[in-house]
Amino acid sequence: MQRDSDAPSEKRSEEPASTREADEQNEKDPERGYHNDFTPQGHVPEDEAEYAKHDRAEEAAHGGKAALAIERKIERKIEIAQQEENSGGGGGGTTFAIMGYFTTPADIYHACEALRDAGYSHFDAHTPFPVHGLEKAMGLKPSRLPWFVLAGGLTGLASAIALAWYTQAYDYPLIISGKQPFSYQAYIPVFFELTVLFAALTCFFGLFAISRLPSFFHPTMTHPNFPRATDDAFFVSVEASDPKFDATETRNLLQRVGAQGIREVYS
């Protein structure tokens, strides 16, 4: 026969063992502060604005790490916006190139070698300072500028000789100290000066013509990290006009060589 006094013990035996142990510990040591509920401890922000304020305070407390965290967040937001823009309207223009950057000269050197070996020919490197041997890694042909300078210098020399002969031997000949009217030894300084002048002017304007300068805008400038090309980053841009260009394959190749911030830029 079951007695009324047995009911409490049965109910107590039905409770989970973990709960009973916790209650017993609380009875023995009340100062442990055991809570059998899920009440949040500390202050809980009420809305997103307060969450953002709390995050900014934590970033400011970490000193130099805060700037890096902010930069990564900005880059992530830009990437998301770029992806949304690409999926919606093709980037707002024609694809000019795919760009990525590296943090050391050795990395960009090996990346240019990889692009060259893969058969790419229409790509460029943008560095904050000259990297020795980079033109060989890119597979660039020798510049035509020295030939232009040589042609300019020879033109200057021929012009100086023609000027001295015309003025001294043909138009107004004079015999001074028994010398011939056209005595080339006396005009060597003139020959030298006009040779250097014409060569320098040809070099200056020839460089502008080959480089298509002045150029007040270039699609590579639209890359959000491109200002670092004058500071601490080494950029590579593979143009869409390259016969080997394929958006997916080119991006994968840049990822394999360790490029960061890979994205398309538009003209």
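Look above for the structure.
What counts, and at which threshold
Residues numbered from 1 in each chain as written. Predicted model: local features only at pLDDT ≥ 70, side-chain atom pairs only at ≥ 80, totals over all residues. Heavy atoms only, no water. Buried < 20%, exposed > 50% of the residue type's maximum accessible area, 1.4 Å probe, protein only. Helix = DSSP H or I, 4+ residues; strand = E, 2+ residues; numbered from the N terminus. Pairing = 2+ DSSP bridges. Axes fitted to C-alpha atoms, helices over the stretch in contact; angles between N-to-C directions. Contact = heavy atoms within 4.5 Å. Phe/Tyr/Trp six-rings, centres within 6.5 Å; stacked < 30°, edge-to-face > 60°. Expected span 1.5 Å × (residues − 1).

Enquirer: Sorry, what's going on with the pairing of strand 4 (residues 260–266) here?
Expert: Look at any regular strand and the pattern is simple: side chains alternate between the two faces of the sheet. For strand 4, a buried count of 6 out of 7 residues is recorded, marking the element as mostly surrounded by other parts of the structure. Pairing geometry for strand 1 (residues 95–102) and strand 4, over 5 bridges, is antiparallel. Within strand 4, the residue paired with Tyr101 across the bridge is Gln260.

Enquirer: How should the sheet that holds strand 1 be read in this particular structure?
Expert: Across a sheet, strands are paired by hydrogen bonds formed along the backbone, either parallel or antiparallel in direction. Reading across the sheet, the 4 strands line up as 2-3-1-4 and stay open at both edges, with antiparallel pairing between neighbours. Of all strands in the sheet, those with a lone pairing partner are strand 2 (123–126) and strand 4, marking the two edges. Each neighbouring strand pair of the sheet contributes to a mean axis angle of 20 degrees, computed without reference to strand direction. Judged from the 4 bridges that link them, strand 2 and strand 3 (residues 234–239) form a sheet pairing that is antiparallel. Across the sheet, the residue bridging to Phe123 is Val238, located in strand 3. Its contacts with the sheet place helix 9 (residues 247–256) against strand 1, strand 3 and strand 4, and it is angled at close to 150 degrees to strand 4.

Enquirer: Got a minute to help me understand the packing of aromatic side chains in this structure?
Expert: To describe a pair of aromatic rings, one takes the distance between the centres and the angle between the planes. Enumeration over the complete set of coordinates arrives at 8 aromatic pairs. Seen from their ring centres, Trp165 and Tyr170 are 5.6 Å apart, and the 20 degrees between their planes marks the pair as stacked. Accessibility expressed as a relative area gives 42% for Trp165, which makes it partly exposed. Overall, Tyr170 belongs to the exposed group, its relative accessible area being 57%. Every member of this aromatic cluster is reached through a ring pair, and the members are Tyr101, Phe226 and Phe235.

Enquirer: Help me out: how do you make sense of helix 8 (residues 188–210) in this one?
Expert: Every α-helix carries 3.6 residues per turn, so stepping three or four residues along brings you back to the same face. Taking 1.5 Å per residue, 23 residues should reach 33 Å; helix 8 reaches 32 Å between its end C-alpha atoms and fits that length. Phe191, Leu194, Ala199 and Gly206 are the residues of helix 8 that are buried. On its buried face, helix 8 is in contact with helix 7 (145–171).

Enquirer: How do you make sense of the pairing of strand 3 when you look at a structure like this?
Expert: Of all 6 residues that make up strand 3, 5 are buried, and the element is covered over most of its length. Bridging between strand 1 and strand 3 involves 6 bridges; their strand directions are antiparallel. Along strand 3, the bridge assignment pairs Ile98 with Val238.

In short, geometric facts, not functional conclusions.
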